[in-house]
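A look at the structure
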Amino acid sequence: MATGDRVDLLERYQHGRHRELGLTDEDVRRMYEVMLLARRLDERMWILNRTGQAPFAISGQGHEAAQVGAAWALDRERDWIYPYYRDVALVLVWGLTPRDLMLQLLGKAADPSSGGRQMPNHFSSRRLRIAPQSSVVGTQIPQAAGTALASKLEGTGAVTLVTFGEGATAQGDFHEGVNFAAIHRLPVIFFCENNGYAISVPAEKELSVPDVADRALGYGIPGVTVDGNDPFEVYRVVREAVERARAGEGPSLIEAKTYRLLAHSSDDDDSTYRPREEVEAWRQRDPLPRLAAYLKEHGLADDADLQALEEQVRQQVDDATEHAQAAPYPRAEHLLDHVTGP
Amino acid sequence: MELTYREAVRRALMEEMERDERVFIMGEDVGAYGGSYAVTKGLLARFGPERVRDTPISEAAIAGAGIGAALGGLRPVVEIMSINFILPAADQLINGAAKIHYMFNGQFHVPLVVRTVNGGRRLAATHSQNLEVLFAFIPGLKVVTPASPADAYGLLKAAIRDPDPVLFVESALLYSMKGPVPDDPDFLVPLGQSLVRREGRDLTLVAHSRGVVVALEAAERLAAQGVEAEVVDLRTLRPLDMGPVLASVRKTGRVVIVGDDWQSYGVGAEIAARLAEEAFEALRGPVLRVGGAEVPMPYAANLERLALPQVDGVIRRAARLLEGDGAWLVR
Ligand SMILES: Cc1ncc(C[n+]2csc(CCOP(=O)(O)OP(=O)(O)O)c2C)c(N)n1
Ligand SMILES: [Mg+2]
């Protein structure tokens, strides 16, 4: 290693990698805040499930850094996202609120995503450019290519970010969608949250290559693998992809390696297929304490600040829960509305 | 012996794999996990990874490779985790499996069984559908919808031994149902035979899959009020056996078709047409149907309840058919 490099590393360490990437101290504090909010909200959803108040819960715990890093690289004022069910942190950045997510969890009329019609964590908002979701894995991928096509033809300059798990990359929809976008050089970013499993099936039985990013080769687009538990690295590579997309250079495939800390969903028992030591090892790499340590190390927050933040987040989660619990169910006379027509 | 519906399916798989080493299983999470409805639990340990194979999330490949393996001489039993996820495989099944035997003049057989699951609760529109009727539309496919443990057992064995492609649709809501199952590894329920599940002289209820449970419950409630409903379980949607339905309607003159899905263009529409064609003179009133609301299934508990067919709906229609005599049925 040349001396120059060492000086460089030292500088980076002292000043914080975030500044080098153009992120402000406030950005980093906000990133942590959203990650914490997503985590605590997610935990509460599981409690509501386990106490019989919500029939289903599915978790984004462990994926928060990947989602927040990616979101920070985009423009919330014009870009589109096609999230999948783990993207609690991503949609919080995009403008859905804890109340919104709790209303959907409990199937209440005021749920802005679906009015109580679609399952939890199937987010949507036309106003916020959050595209709607099916439960069928991978279907969002070609749709995202189509939204990017619309942005290109209309010259809005918008980029579309579509997320999915590594398991989804075995679907025809993935391959067809990426190929389509690559041929037409569409402004779309294919963002894979690779947590190593599709329910119980491990990555080596889903992929014949080591990394999802290797699949990019087949379509002639950049494929990048990144530590999904490091929000800054994710931010850096997604930002590059955004720049390419806005410059008309076409799509990129980004793979954020991460881990889901809980079972696949509330209907799953992951102890039957994931060794506890593996889960424990990944808990040691939990992105939340990692970023908290960074905040302290760089003087962006001290213990008292973090404690205050916990308290503030707890209040938000309590408020969202109570609000959703008290909210009315959809009214029976609306059962037939919107099958077609207005 | 007494088995749950789930155990009956598992037992049929196990025995057929033991009987014929060409039989193998593949699908998402079918191995160590034992299937997302725990049907294939224990099979990996018993038969090993060559015969119990986990696949990627690739329904088109699961079905397509199933077809190819069948053409290559094996007897694949593939699992599509839920009928909601079968649509990426629809082309393989509809343009492939269903047509190969006929289109190539009988040269090839496709002895493929596709096991899948309908139903579901609180899982909303893309996760609770009963789509079997889409496949029952297709000549060349056999579509089987067992509604009891014994039928799940005997029909699956028959499906595995059948030379044609069979879509075998289990019901998520029936997996825990218990019932007697013959202790005989060669007990088969032939495909294409409807069955009278309960005898009665006043009214005929026709159903398939979980609709049978709704019909039986309605019959129970009607019996408490002195109305004897006969319940015919279609068991196989294609080939469809109208024999017991026609015999029953010729006896009762009244019929309600109980569906657990949308009515338009559905099983009830087909049965009604056949009755109009073949038993018009026996009908003492209109052919009535019960089904779900024609909406994508909503998630909210109250809307979901409204969208699902209910026993009360069967009782109301029975009352209508029993004319003046039946008005008292609906308080
Ligand atoms: C077409 C289809 N097949 C199967 C399923 C059932 N299913 C839901 S999530 C899932 C695993 C998805 O794995 P991955 O894409 O890696 O995402 P992860 O859940 O790990 O984040 C499966 C098999 C489905 N929803 N759709
Ligand atoms: Mg995964």
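Reading guide: rules and limits
Residues numbered from 1 in each chain as written. Chains lettered and ligands numbered in written order. Predicted model: local features only at pLDDT ≥ 70, side-chain atom pairs only at ≥ 80, totals over all residues. Heavy atoms only, no water. Helix = DSSP H or I, 4+ residues; strand = E, 2+ residues; numbered from the N terminus. Buried < 20%, exposed > 50% of the residue type's maximum accessible area, 1.4 Å probe, protein only. Contact = heavy atoms within 4.5 Å. Areas by Shrake-Rupley, 256 points an atom, 1.4 Å probe, with all protein chains shown as cover. Lys, Arg positive; Asp, Glu negative; His and termini not counted. Charge placed at Lys NZ, Arg CZ, Asp CG, Glu CD. Expected span 1.5 Å × (residues − 1). Pairing = 2+ DSSP bridges. Axes fitted to C-alpha atoms, helices over the stretch in contact; angles between N-to-C directions. pLDDT = per-residue confidence, 0-100. Domains from an automatic or database assignment. Buried area = accessible area lost by both parts, 1.4 Å probe. Salt bridge = Lys/Arg side-chain N within 4 Å of Asp/Glu carboxyl O. Polar contact = N/O pair within 3.5 Å; in protein donor to acceptor, adjacent residues only side chain to side chain. Nonpolar A, V, L, I, M, F, W, Y, C, P; charged D, E, K, R; others polar. Near = heavy atom within 4 Å. Donors = N, O, S within 2.8 Å, 3.2 Å for Na, K, Ca; no water. Tetrahedral: all angles 85-135°; square planar, octahedral: opposite > 155°, others 65-115°.

On to the overall build of chain A. Secondary structure summary: chain A contains twelve helices and seven strands in total. For chain A, the C-alpha atoms occupy an extent of roughly 70 × 50 × 40 Å along the three principal directions. For chain A, the residues scored as buried account for 57% of the 342 residues in total. If you take every contact in chain A between residues at least 6 apart in sequence, the share linking residues at least 24 apart comes to 73%. About 14300 Å² of surface is accessible on chain A, with carbon and sulfur atoms providing 51% of the total. Across chain A, the 37 positively charged side chains and the 52 negatively charged ones have centroids separated by 2 Å.

Let us now look at helix α7 (residues 149-161) of chain B. Residues and elements named next belong to chain B. For α7, spanning 13 residues, the distance from its first C-alpha to its last is 19 Å, which sits close to the expected 18 Å at 1.5 Å a residue. Buried residues dominate α7, accounting for twelve of its 13 residues. Listing the buried residues of α7 in full gives Pro149, Ala150, Asp151, Ala152, Tyr153, Gly154, Leu155, Leu156, Lys157, Ala158, Ala159 and Ile160.

Residue and element names in this part refer to chain B. Strand order in the open sheet made by the seven strands is β3-β2-β4-β5-β7-β6-β12, with mixed pairing throughout. Two strands lie at the open edges of the sheet, namely β3 (52-54) and β12 (236-238), each paired on one side alone. For this sheet, the mean inter-axis angle between neighbouring strands, taken without regard to orientation, is 20 degrees. Judged from the six bridges that link them, strand β5 (residues 113-118) and strand β7 (residues 166-171) form a sheet pairing that is parallel.

Next up on the list: the confidence of the model for chain A. Summing up the model confidence of chain A, the mean pLDDT is 95 and the portion of residues at 70 or higher is 96%. The lowest-confidence element of chain A is helix α1 (residues 3-15) of chain A, averaging 54 in pLDDT; the highest-confidence one is strand β3 (residues 188-194) of chain A, averaging 99.

On to the domain arrangement of chain B, then. All names here are of chain B. Taken as a whole, chain B is organised into domain 1 (2-180) and domain 2 (195-323). Contacts between domain 1 and domain 2 engage 30 residues on the former and 27 residues on the latter. The junction of domain 1 with domain 2 conceals about 2200 Å² of combined surface from both sides, 54% of it contributed by carbon and sulfur atoms. Contact with domain 2 buries area across many residues of domain 1, yet Arg121, Arg122 and Thr145 alone supply 26% of it, more than any other trio. Applying the counting criterion to the domain 1 and domain 2 interface returns one salt bridge. Asp151 serves as the salt-bridge partner of Arg235, at 2.8 Å between the closest nitrogen and oxygen. At the boundary of domain 1 and domain 2, one finds 13 residue pairs in polar contact (both at pLDDT 80 or more). Elements with a contribution of two residues or more to the side of domain 1 that touches domain 2: α6 (132-136), β6 (142-144) and α7. Residue composition of the side of domain 1 that touches domain 2, by class: 18 nonpolar, seven polar and five charged.

All names here are of chain B. In the segment running from Arg238 into Pro239, the intervening peptide bond is cis, with an omega of 0 degrees. Assignment of secondary structure puts Pro239 in the loop between β12 and α9 (243-252). With phi around 65 degrees, Asp29 is a residue other than glycine that occupies positive phi space. When you line up the elements, Asp29 lands in the loop between β2 (23-27) and α2 (43-47).

Tallying the contact residues gives 36 residues for chain A and 30 residues for chain B. Buried surface at the junction of chain A and chain B, both sides included, amounts to about 2500 Å², of which 66% is carbon and sulfur. For the interface between chain A and chain B, the tally reads zero salt bridges. On inspection of chain A and its partner chain B, the count reaches ten residue pairs in polar contact (both at pLDDT 80 or more).

Quick look at the site of ligand 1 now. Around ligand 1, the structure places 21 residues, and the nearest of them are Tyr84(A), Tyr85(A), Arg86(A), Tyr197(A) and Glu59(B). At ligand 1, the nearby residues belong to more than one chain, namely chains A and B. Here Tyr84(A) contributes a side-chain N or O atom positioned 2.7 Å from an oxygen atom of ligand 1. A distance of 2.7 Å is found between an oxygen atom of ligand 1 and a side-chain nitrogen or oxygen belonging to Tyr85(A). Contact with the protein chains hides 97% of the accessible area of ligand 1, taken as 580 Å² for the molecule alone.

Residue and element names in this part refer to chain A. Around the magnesium ion (ligand 2), the donor atoms from the protein are Glu166 (OE), Glu166 (OE), Asn195 (OD1) and Tyr197 (O), and they sit 2.1 to 2.5 Å away. Coordination at the magnesium ion (ligand 2) comes from six donor atoms whose angles at the metal span 52 to 174 degrees, giving a geometry best classed as irregular. Positions of the donor residues of the magnesium ion (ligand 2) along the chain correspond to the pattern E-x28-N-x1-Y. Relative accessible area serves as the criterion here: at 4%, Asn195 is assigned to the buried category. With relative accessibility at 11%, the residue Tyr197 sits in the buried group.

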